[in-house]
Amino acid sequence: MRPINSGRSRLSRANRAVFSSIFVAGHKGMVGSAICRRLAREAGARVIARTRQELDLENAAAVLEFFESERPEAVVFAAARVGGIHANRTFPVEFLTENLQAQLATINAAYRTGVKRFLFLGSTCIYPRLAQQPIGEDQLLTSPLEPTNEAYALAKICGLKLCSYYRQEYGVVYHSAHQLCTSCHFVNRHRISQRVVYLFLTSLSSVPSNQDIARNRHNRIESLLVSRHIVRLINGH
């Protein structure tokens, strides 16, 4: 699949992505496709995408070869094997191993080829089954997970922890976003996800003003949630 052509930006040049190329893993999914559309429209960067047939993320050698060839400067990891309760109960081995392999291959290849920024998209299922509401990040790994999707949740936890360890050990800007939607209405969730990704890739030290990101009442609510999370991501927390 050819890189997605970036359209004319509606934002000022100062707010465009500081990266010339961005690889979006999982671009066929609901969140990944929304991210691609927004980046192509507004970020002013070359958005790189591959189908599963073109690049098997579980194949570490193939992933490393891809990174060495394409040399993306930033990565948004939205790829995952997902499914409902029945699928998670029936195929826990596949949900754990396939997601783990894809995450390990991509994060490691990114570091080995000098990717400057990596954003790993997690899931709220990583939190305990009986987590207090609203969910705080300090509740991670404090009590048992929901059994019906435990394998998937464990894989996601490993991915976000690996990003954290790379950041801790090597000082790279590798982060995870996994508590974006616990305080908002369902219809806003994926819009918030793509906004966080966009701000993460276009901001180095500040968050755009409300005039930049709030278009209506829902977006003003969104901007408050996003500003808090993106500042933490940029500052390395």
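Treat the numbers as computed from the prediction; the structure is a model and nothing was measured.

Conventions adopted
- By convention here, each chain's residues receive numbers from 1 onward along its written sequence.
- In keeping with the model being predicted, local features are shown solely for residues with a pLDDT of at least 70 and side-chain atom pairs are shown and tallied solely at 80 or more, while totals for entire chains, interfaces and linings include all residues.
- Only heavy atoms go into the side-chain values, all of them from the structure, while hydrogens and water stay out.
- On a range of 0 to 100, pLDDT expresses the predictor's confidence in each residue.
- Secondary structure is summarised from DSSP: a helix means a run of H or I of at least four residues, a strand means a run of E of at least two, and numbering begins at the N terminus for each.
- Contacts between residues were defined by any pair of non-hydrogen atoms, one from each residue, lying within 4.5 Å.
- Here's how the labels work: a residue is buried when its accessible area is under 20% of the maximum for its type, exposed when over 50%, partly exposed in between, all with a 1.4 Å probe on protein chains only.
- Two strands qualify as a pair provided that DSSP identifies no fewer than 2 bridges between them.
- A crossover counts as right-handed when, viewed with the strands pointing away from the observer, the path leading from the first strand over the helix to the second turns clockwise.
- Structural elements are reduced to axes, namely lines fitted to C-alpha atoms, with helices fitted over the stretch in contact, and the angle between N-to-C directions of any two is expressed from 0 to 180 degrees.
- Here the expected span of a helix is defined as 1.5 Å times the quantity of residues minus one.
- The nonpolar core is taken to be a set of buried Ala, Val, Leu, Ile, Met, Phe, Trp, Tyr and Cys residues, with the residues joined through side-chain atoms within 4.5 Å.

K.L.:
Lay out the confidence of the model for the chain with the relevant residues and their values.
P.N.:
Chain-level pLDDT for the chain is 75 on average; 67% of the residues reach the 70-or-more range. For the chain, helix H8 (residues 217–234) is the element with the lowest average pLDDT, namely 37, and helix H2 (residues 60–70) is the one with the highest, namely 98. Confidence drops under pLDDT 50 across residues 5–15; counting only partners more than four residues distant or on other chains, this segment forms 20 contacts. For the stretch residues 179–192, pLDDT sits under 50, and the model shows 27 contacts to residues farther than four places along the chain or on other chains.

K.L.:
How would you summarise the pairing of strand S4 (residues 117–121) if you had to cite specific residues and measurements?
P.N.:
Looking along a regular strand, one sees the side chains alternate between the two faces of the sheet. Counting buried positions along S4 gives five out of five residues, so the element sits mostly inside the fold. Burial along S4 is two-sided: the residues Arg117, Leu119 and Leu121 and Phe118 and Phe120 are all buried. Strand direction decides the pairing type here: strand S3 (residues 74–77) and S4, joined by four bridges, are parallel. Counterpart to Val75 in the pairing with S4 is Phe118. As paired elements, S4 and strand S5 (residues 173–177) share five bridges and run parallel to each other. Across the sheet, residue Phe120 finds its bridge partner in S5, namely Ser176. Taken together, S4, helix H5 (residues 150–170) and S5 constitute a β-α-β crossover, and its handedness is right-handed.

K.L.:
Lay out the sheet that holds S5 with the relevant residues and their values.
P.N.:
With parallel pairing, the five strands of this open sheet are ordered in space as S2-S1-S3-S4-S5. Each of the sheet's edge strands pairs with one partner strand only, and the pair in question is strand S2 (46–48) and S5. Averaged over neighbouring strand pairs, the angle between their axes works out to 15° when direction is ignored. Its contacts with the sheet place H2 against strand S1 (21–25), S2 and S3, and it is angled at close to 165° to S2.

K.L.:
So what about helix H4 (residues 92–112)? Which residues, and what values?
P.N.:
The terminal C-alpha atoms of H4 lie 30 Å apart, and with 21 residues this matches the ideal 30 Å at 1.5 Å per residue to within 8%. Among the residues of H4, those classed as buried are Phe95, Glu98, Asn99, Ala102, Gln103, Ala105, Thr106, Ile107, Ala109 and Ala110. Looking at the buried residues of H4, the elements they touch are H2, S3, helix H3 (85–90), S4, H5 and S5. With its phi angle positive at about 80°, Gly114 sits one or two positions after the end of H4.

K.L.:
Now, about the nonpolar core: what can you tell me, with residues and values included?
P.N.:
Phe23, Leu57, Phe67, Phe77, Phe118 and Tyr174 are the most contacted members of the largest nonpolar core, which totals 38 residues. Taken together, the elements giving at least two residues each to this core come down to S1, H2, S3, H4, S4 and H5. At eight residues, H5 tops the list of elements feeding residues into this core. Discounting residues that sit within four places of it in the chain, Phe67 has contacts with Phe23, Pro72, Val75, Thr106, Ala109, Ala110, Thr113 and Val115. Counting 15 residues, the second-largest nonpolar core is a separate cluster that includes Val24, Ile35, Leu39 and Val47.

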